[in-house]
Amino acid sequence: MSDMNTDNTVDPNIVEEEQPAMDAEEPDDGSDDIGSDALDRLQMLLDSAIASEEERAQLLTRFLAFMSGRRTLTYEERAFLSKPPPKPLISADIAGVAEYIRSGRAKNIIVMCGAGISVSAGIPDFRTPGTGLYYNLQKYNLEDPQMVFSIDYFRQDPKPFYELAKGLYPGQFHPTKAHYFVRLLHEHGLLLRDFTQNIDTLECIAGIPKEKTVFSHGSFASAHCVSCGKEYTPEFVRKKVFSDELAVCECGACVKPDIVFFGEKLPDAFFHHMVEDFPKCDLLIVMGTSLQVQPFAGLIGRVGDGVPRLLINMEVVAAKPVPPPADADEVERYRYRTSSKFAFNDPENLRDALFMGPCDDGVQALADALGWGKELQDMFGAPLPENPSL
Ligand code: OAD
């Protein structure tokens, strides 16, 4: 895992979606059709941004016809391609999102979350100035506080991680309303997947089914030796952590819970569900994350253009700047339009909704607007399961 750089973590063989095979044969009736050089020409025109909006739509139309082995597209396909992106929400806020869900248009909701959803459980996040974990590691004199989650550093000195792990270890915390809201989405049959970056496994304790959760940055549920790869039980590591000892493998190297460290690849399930689920998503809810770590942060751009997205967070993150003026050059307007960041600053935005504040308040407001408020409160107030499976 790395900040803003996916090179050493994302295996392109896994993330690439299958491309339809190109037909090498040229269409036989003339220059107007796109031939086998289609990709190059299309790429050149799109990159150079010399084509107008309409020309670009026509090009794409012809390209799609070529790819599908047809010369022309249906009326509906043409209409779809030339239409501006839809505005799916009546208002870019909780009320707008609630109306969208109530209307039955959200059947496959994806939730993406980060450390902010566990803050009210007593687990600090990473980057909030003053309280975040990365601001409280001075005693280790690390060049960069993120080194505590760096695999190279762990091999040299696993102690800082082990000390930190004690404070984060699952089993000491109660899930928050944000976790229970995700379970509520599941119980209402609307949750497609919960992509979490968190390693506290509060999702499991809240009763979100395992198959609905993608632990994008791994978890404490399993552990391996960093040298010989031997597997160890989570209980083995837990005992060591709580007796202030290092978990050492019989080969002499250190054992590490299967948390994804900077410099390590994300779990296969992340890439699998990224490719399988995002095209089906009809509402994206992002909660409690600074969206600073790739490749997770890039997921927000994987839903379709017209799919509404709701950010519930203490601060605005991943927002596009204000839209360029109407007389801005084509390149600038093209860049703005195609950026996958949130369009909160666009006065015409009716796609990206924002609730700025604590996750628990945001999910309660949404649950109230959906008529699920009491259900959420009751779920949150219920006793924890005896032996949640992690
Ligand atoms: P960050 O600490 O980077 O971001 C947490 C976000 O949640 C910030 O934008 C906060 O403003 C917001 N926040 C904090 N408390 C909140 C609350 N009660 N309600 C709503 N929002 C709140 O945490 P992540 O984005 O999760 O890697 O960090 C991503 C990754 O960076 C982590 O998975 C971690 C770290 O390196 C590993 O653990 C391996």
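Notes on the structure in this doc start here. Please read these numbers as outputs of a predicted model, since none were measured by experiment.

## Let's talk about the overall build of the protein
For the protein, the count of helices and strands is 14 helices and eleven strands. Buried residues in the protein amount to 35% of all 390 residues.

## Brief notes about the sheet that holds strand S2 (residues 109-113)
Whenever strands of a sheet pair, they do so through backbone hydrogen bonds, lying parallel or antiparallel. With parallel pairing, six strands are arranged side by side in an open sheet as S4-S3-S2-S8-S10-S11. Edge positions in the sheet fall to strand S4 (213-215) and strand S11 (352-356), since each of these pairs with one other strand and no more. Within the sheet, the average angular offset between the axes of one strand and its neighbour, ignoring direction, is 15°. Pairing of S2 with strand S8 (residues 283-287) involves five bridges; the strand directions are parallel. Opposite methionine 112, over in S8, you have valine 286 as the bridge partner. Sitting on the sheet, helix H5 (residues 94-102) touches S8, strand S10 (309-313) and S11, and the angle it makes with S11 is about 130°.

## Points about the environment of phenylalanine 181
Mapping phenylalanine 181 onto the fold places it in helix H8 (residues 177-187). In this structure the C-alpha to C-alpha distance between phenylalanine 181 and glycine 373, which are 192 residues apart in sequence, comes to 9.7 Å. In this view, phenylalanine 181 contacts Val363, Ala367 and Leu376; residues no more than four positions away in its chain are not counted.

## So, the site of the ligand
As a structural note, the neighbourhood of the ligand is formed by 28 residues, with Gly114, Gly116, Asp125, Phe126 and Ser290 the closest of them. Taken together, the residues that form the shell around the ligand break down as twelve nonpolar, 13 polar and three charged.

## As for H5
What H5 keeps buried is the set Ile94, Val97, Ala98, Tyr100 and Ile101. Take H5 and look down its axis: the buried residues cluster within an arc of 160°, on one side only. Those residues of H5 that are buried are in contact with S8, S10, S11 and helix H13 (359-370). Residue glycine 104 follows H5 closely and has a positive phi angle near 90°.

## Describing the sheet that holds strand S6 (residues 231-232)
Spatial ordering of the open sheet is given by S6-S5-S7, a layout of three strands whose pairing is antiparallel. Of all the strands in the sheet, just S6 and strand S7 (255-259) have a single pairing partner and so form its edges. Of the strand pairs in this sheet, strand S5 (residues 218-225) and S7 are connected by four bridges, and their pairing is antiparallel. Bridge pairing links cysteine 225 to valine 255 in S7. Packed on one face of the sheet, helix H10 (residues 234-242) meets S5, S6 and S7 and runs near 90° to S5.

## Considerations on the packing of H8 against helix H14 (residues 373-381)
Look at H8 against H14: their axes get within 9 Å of each other, and the N-to-C directions meet at 120°. Classified by the angle their axes make, H8 and H14 are oblique. Remark: the crossing between H8 and H14 carries right-handed chirality. Listed contacts from H14 to Lys177, Tyr180, Phe181, Arg183 and Leu184 of H8 are Glu375, Leu376, Met379 and Phe380. Split into classes, the residues belonging to the contact of H8 with H14 amount to six nonpolar, no polar and three charged.

## Topic: unusual backbone geometry
In this structure, proline 295 follows glutamine 294 across a cis peptide bond, with omega equal to 5°. Note on placement: proline 295 falls in the loop between strand S9 (293-294) and S10. Despite not being glycine, leucine 291 shows a phi value in the positive range, around 50°. Judged by the 21 C-beta atoms lying within 10 Å of it, leucine 291 falls in the buried class. The backbone of alanine 318 shows a phi angle near 50°, a positive value even though the residue is not glycine. Along the chain, alanine 318 falls in the loop between S10 and helix H12 (330-338). The exposure class assigned to alanine 318 is buried, which follows from the 22 C-beta atoms found within 10 Å.

## With respect to the packing of H5 against H13
Contact geometry of H5 with H13 gives a least axis separation of 9 Å together with a crossing angle of 45°. As the angle between them shows, H5 and H13 are arranged oblique. The two elements H5 and H13 cross, and the hand of that crossing is right-handed. Here Ile94, Ala95, Val97, Ala98, Ile101 and Arg102 of H5 come into contact with H13, specifically with Ala365, Leu366, Ala369 and Leu370. Across the contact of H5 with H13, the residue classes tally to nine nonpolar, no polar and one charged.

## Section: the environment of alanine 365
Tracing the backbone shows alanine 365 in helix H13. Note: C-alpha distance between alanine 365 and phenylalanine 355 (ten residues apart in sequence) is 9.4 Å. Residues in contact with alanine 365, not counting those within four places in the same chain, are Ile94 and Phe355.

## Points about the pairing of S11
In this structure, S10 lies alongside S11, joined through five bridges in parallel fashion. Considered in S11, the bridge of arginine 309 is made with aspartate 352. As for the winding sense of the linkage, the β-α-β connection from S10 through H12 to S11 is right-handed.

## Describing the environment of glycine 252
On the secondary structure map, glycine 252 appears in the loop between H10 and S7. A count of 9 C-beta atoms within 10 Å places glycine 252 in the exposed class. The spacing of glycine 252 and serine 227 is 25 residues in sequence and 8.6 Å in space, taken between C-alpha atoms.

Here is what the cut-offs are and how they apply
Residues numbered from 1 in each chain as written. Predicted model: local features only at pLDDT ≥ 70, side-chain atom pairs only at ≥ 80, totals over all residues. Helix = DSSP H or I, 4+ residues; strand = E, 2+ residues; numbered from the N terminus. Buried ≥ 20, exposed ≤ 12 C-beta atoms within 10 Å, placed from the backbone. Pairing = 2+ DSSP bridges. Axes fitted to C-alpha atoms, helices over the stretch in contact; angles between N-to-C directions. Contact = placed C-beta atoms within 7 Å. Near = placed C-beta within 6 Å. Nonpolar A, V, L, I, M, F, W, Y, C, P; charged D, E, K, R; others polar. Arc of directions from axis to C-beta. Parallel < 35°, antiparallel > 145°, perpendicular 65-115°, else oblique. Left-handed = near helix turned anticlockwise from the far one by under 90°. Right-handed = clockwise from strand over helix to strand, strands pointing away.

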